Amino acid sequence: MGLRIYSAVFLFCFVYVFPSYCFAYETLTIIATGNLRGNFSLDTDEKTDPLLKVARGIIAERSAKPVDCYVDLGNAFSPGALSRYSYGAAMLDFFEYVQCDATLVGSRDVAVGLKNLELASRMRPTQLLSINIVIDNKPIFKPYWILQKAGTKVGFIGITSSKSIFDVAEKKVLSASLAAYRDYLTMTIESLQAMGCKYIIVLSGLSGAENIAIMKDYPAIDLILAGGDASGIYYDVYSPRVDLEDGRSIITLVRAGGHYSVRLMLKEKITIEKIYFSEADQKVSDSSYNELVERVNLWKERYAEAGAAALADNFPATDISSVTIAHLLRHYYSSEVAIVDVTDVFSTRLEGTITSIDVQRIVQNDFTVFTYRLSGKQLNTISSASSLIFSGFANGKVQGRSIEGDRMYTIASTQSAYDVICDMTHKEIPYTNTWIPLSDIITNDLKSKQSVARKDFSYLDKRIRMTVDINLSNLYDNSDVTTDDSASTPPGMPSETYKKWGFEDSADISFYNQHHRLVLTPYIYYMRQDDQYLQNLLRGTLYYTYLFNPYVNPYHKSQVDTVVVTKDDNLRPILFRETVGASFTYSYFTGRFGVGFEKQTQDPEEQMLYGAESILQIQIPFLDYFMYTFNLDNFISRPENNNGNYQIRTEIKNTLSVTVTSWLALSIRHRWFYYNPLETQISYKYTQILISLDVKAKFKVF
Amino acid sequence: MKKKVIVYYSYIVAIPIFLLSFLLSCATMNTGDSRLIDQLKAENRVCSQNLNLFMRENDVLKAENAKYKKENNVLRSSNTLLKSDIGALQTRYKNDIAMWDERYNTLQQKYDVFVKQSDAKVQELTELNKTLEKRMADEIARLNEVIRKQEVDFIKEKETIINQNAKKEMEYQSTIDALQKQVTTLTQEKEQLKSKLTEMEITCEKLKQQLEVPQKDQTLRGGDKGTANDVKKENPAQQLKTELEK
């Protein structure tokens, strides 16, 4: 009786532990790695090399038990310095010697160069898989790989992460792009099924949500092995394994520094029997491992030879970070803002003799540098991006001034940062490619000025900038009345033919840096009806302000007014006004309060008037295309020895404008002018309502 | 005057428009060229990267090739040495072969002689063997017959002995039975004698007691006479007791 019970228990345990031996299911043992990152050490000691340790583990695993295949889940080629130096060839050697059957092309792998990867992988046993990296709408790499075991075919499909950034050169030359994977996935699954694949496994670099969506939409997929770019985050929770209700699974293998062993049972559907991660160092005496070590050491020797030449000697101890590199970009491209992606640079400390190996260690994505312009609105949009590192833009300010939504700012950035920005702004931003890779900029700097070693980059904010803002507002009214002298004029209609035209143009030519701002504004306001001048003002303003406070700053303004054309009396009165005071800025409000004097110097010359100036402007944008503007310009003055009379000159403008394009707007403007001359004290009031088409152009000269 | 105004106006309008159009035209003037240059630079970058890849991979493969060539040269020189060794060995081997051939031939001749001799001997021995085998077969047959006869005799003798033994056993058995009957008889006699002895002892006791009374009377009369009489009376009883015990 007891023997029977023991036998039953033993049988149950055996069936439980080794189900595949008890039932007639085929099993599939897969070795998987991910995020190897081309992480070879640069010394030739094989014991300390992280990737050779992984290789030892895999070779030991293969010799200890039968393994059906080895797949890599992406990001194997970059950013490791040796792998990038070899353009992926060293990693392909690694894969060849450890008998990797297929590897997914990850988002970081494309940094090595698609064409390079494609060329380097030719005639190699390892298949590079990606269905969605396309050149002229055709996948550049193989979309699938088929494993055949005991007459059963298992298809492996590779889907690359949408985070991939292609080198702009490859985009241009090869027309490389990342296609929507769904079209290709449907096609590939059909092809695999036509070829008799009973099971389909997807190697995915997609996000958790995308993987679930794929499983939902493609029931033919039996299993997703996610890794490389995949984080295993599902609804903000880390879940390395997700089982769907129909029994299919998504496994996310994110750990690096070792290898996973995945044992599957090929039943009606694939079921997972066992998964474990192994990172223990193993001893192997395999000839292929020895050959791998020799090949890798050759790469290391070549890399050391190429990078051994000193770029700089006695370099001061300097911490190099993304911010430092962004400062360097701003230094070399004189841009207002420089942006790098957080993955572009590996923070490290440089000291003493610097070689190109150090530069390669710093630069993780060696893309070329772009220069372009972003509006203040776009800058605000991207300011929240955690993946971007800025130089020259902080707390909503550029060179000490709050950014203006419609003003353009000069930007220098890496291509990876540019791609992030385009993605965030949903716009293809025009750019100029310098065709200088980031590593070359750092190398050249190390060889010459060594600006990267500066402790203080505040000088960048002291660089003088120049902008020109042009406002052109024109009107033309040609009214032709045809009638007889005896005819009566209908109410509200003009009695005579007239031609009315005019313009109100100004240009703000600004020179500024972090602390100083000088604005030269020529202004013309000229309007006439036939021979009668309705407006005839030519004004020049020189405005200087010293910027030391975000809200209140001192200013000095020189203004000269005259007429555009002299009238019949041939007089050209010239009125000077000199004021000093304080300007203030807060949100939509800008204003100036100052004191000074005003003097008409000719036609006729008048006595000097002392007074106070108050200028206020409120600009409120609303509904995207509308802008309300309120302007007040008031100057109250009196002569030095006066009996108490004041001269008042006040102008109030209310403008509502609709933006048609970035440089064209339609405006309705109400102008109220009040003038109370000193001598007569008889006030003059003028009210005008104008509808005009305004051309506004803002240029950043440097 | 009007002309002057128009001139002013022309300047004032023309300058900003010119500036604006100039700046705009500058922005687009070189678009075509820059695209071409960009394309060329892009191709240059891709090609230079490809070239770098090929050069570096080629460099590594060349180094590996050089290493293998070096190893190959070492192997080749050792191969030459081995070849010369092989040549020397082959010469020696040829000589040895010739020598061994000669020895072999000699041995072969000897062998042939031996074979001939041995054939005759074998024939002789075979005949002898046959004779011996025949003799041995006859002897075996004879011995088998003797054995068979002996076995028959033995069986007969055995049967005789068994019969004799049976007779003896019967005799002994009858003797034993007779003896047992004697024993039984004697035992019965013994029992009878025992009972007689017991009766006699009782009788003796009675007689003793009867004897003790007159003795006391005699004691009272004189002790010596009475003792001698008692001895005379006591002797037949003692004799009887001894007999019974026997």
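Residues numbered from 1 in each chain as written. Chains lettered and ligands numbered in written order. Predicted model: local features only at pLDDT ≥ 70, side-chain atom pairs only at ≥ 80, totals over all residues. Heavy atoms only, no water.

A. Main features of the pairing of strand β30 (residues 516-529) of chain A. Residues and elements named next belong to chain A. As defined by bridge partners, strand β29 (residues 498-512) adjoins β30 across 11 bridges and the pair is classed as antiparallel. Bridge pairing links lysine 500 to glutamine 529 in β30. If you look at the hairpin formed by β29 and β30, you'll find 3 residues sitting between the two strands. Pairing between β30 and strand β31 (residues 532-546): 14 bridges, direction antiparallel. In the strand pairing of β31, leucine 518 is matched with tyrosine 544. (Pairing = 2+ DSSP bridges. Helix = DSSP H or I, 4+ residues; strand = E, 2+ residues; numbered from the N terminus.)

B. Quick look at the interface of chain A and chain B. Across the contact, 42 residues belong to chain A and 31 residues belong to chain B. Summed over both partners, the interface of chain A with chain B buries about 3,300 Å², with 65% contributed by carbon and sulfur atoms. Between the two partners, chain A and chain B, sit 5 salt bridges. On inspection of chain A and its partner chain B, the count reaches 11 residue pairs in polar contact (both at pLDDT 80 or more). Going through the elements one at a time, α5 (89-97), α6 (114-121), α7 (168-174), α10 (287-307), β27 (431-437), β29, β30 and β39 (684-700) of chain A are the ones with two or more residues in the side of chain A that touches chain B. Here the element with the most residues in the side of chain A that touches chain B is α10 of chain A; it accounts for 5 residues. Class assignment of the residues belonging to the side of chain A that touches chain B gives a composition of 25 nonpolar, 4 polar and 13 charged. (Contact = heavy atoms within 4.5 Å. Buried area = accessible area lost by both parts, 1.4 Å probe. Salt bridge = Lys/Arg side-chain N within 4 Å of Asp/Glu carboxyl O. Polar contact = N/O pair within 3.5 Å; in protein donor to acceptor, adjacent residues only side chain to side chain. Nonpolar A, V, L, I, M, F, W, Y, C, P; charged D, E, K, R; others polar.)

C. Expanded view of the packing of aromatic side chains. All names here are of chain A. Within this structure, the stated rule accounts for 25 aromatic pairs over all chains. A ring pair is formed by tyrosine 70 and phenylalanine 95, whose centres lie 6.3 Å apart and whose planes are at 65°; its orientation type is edge-to-face. Taken as a pair, tyrosine 70 in strand β2 (residues 69-72) and phenylalanine 95 in helix α5 lie far apart in primary sequence, 25 residues in all. Take tyrosine 70 and phenylalanine 95: they sit in the same class, and that class is buried. Ring geometry for tyrosine 260 against phenylalanine 277: centres 4.8 Å apart, planes inclined by 55°, an arrangement best described as tilted. Remark: phenylalanine 277 occurs in strand β17 (residues 270-278) and tyrosine 260 occurs in strand β16 (residues 259-266); sequence separation between them is 17 residues. On the accessibility criterion, tyrosine 260 (7% relative accessible area) is buried. (Phe/Tyr/Trp six-rings, centres within 6.5 Å; stacked < 30°, edge-to-face > 60°. Buried < 20%, exposed > 50% of the residue type's maximum accessible area, 1.4 Å probe, protein only.)

D. Seen up close, the nonpolar core. Among the nonpolar cores identified, the biggest contains 52 residues, and Leu36, Tyr70, Met91, Phe94 and Phe95 of chain A are the most heavily contacted of them. Counting residues in hydrophobic clusters, the runner-up holds 27 residues, among them Ala102, Leu147, Ile201 and Val262 of chain A. (Core = buried A, V, L, I, M, F, W, Y, C linked by side-chain atoms within 4.5 Å.)

E. Inspection of the pattern of salt bridges at higher detail. This model, assessed by the stated rule, comprises 45 salt bridges over all chains. Note that arginine 302 of chain A is salt-bridged to aspartate 59 of chain B, the shortest N-O span being 3.2 Å. With arginine 302 of chain A in helix α10 and aspartate 59 of chain B in helix α2 (residues 31-221), the pair connects residues from two separate chains. Given a relative accessible area of 30%, aspartate 59 of chain B falls into the partly exposed group. Between aspartate 633 of chain A and arginine 577 of chain A there is a salt bridge, with the nearest N and O atoms lying 3.9 Å from each other. Of this pair, aspartate 633 of chain A sits in strand β36 (residues 626-639) while arginine 577 of chain A sits in strand β33 (residues 574-586), and the two are 56 residues apart along the sequence. Each of the two residues, aspartate 633 of chain A as well as arginine 577 of chain A, counts as buried. Beyond isolated ion pairs, a larger network of salt bridges with shared partners links Asp93, Glu96, Arg124 and Arg295 of chain A together with Glu57 and Glu64 of chain B.

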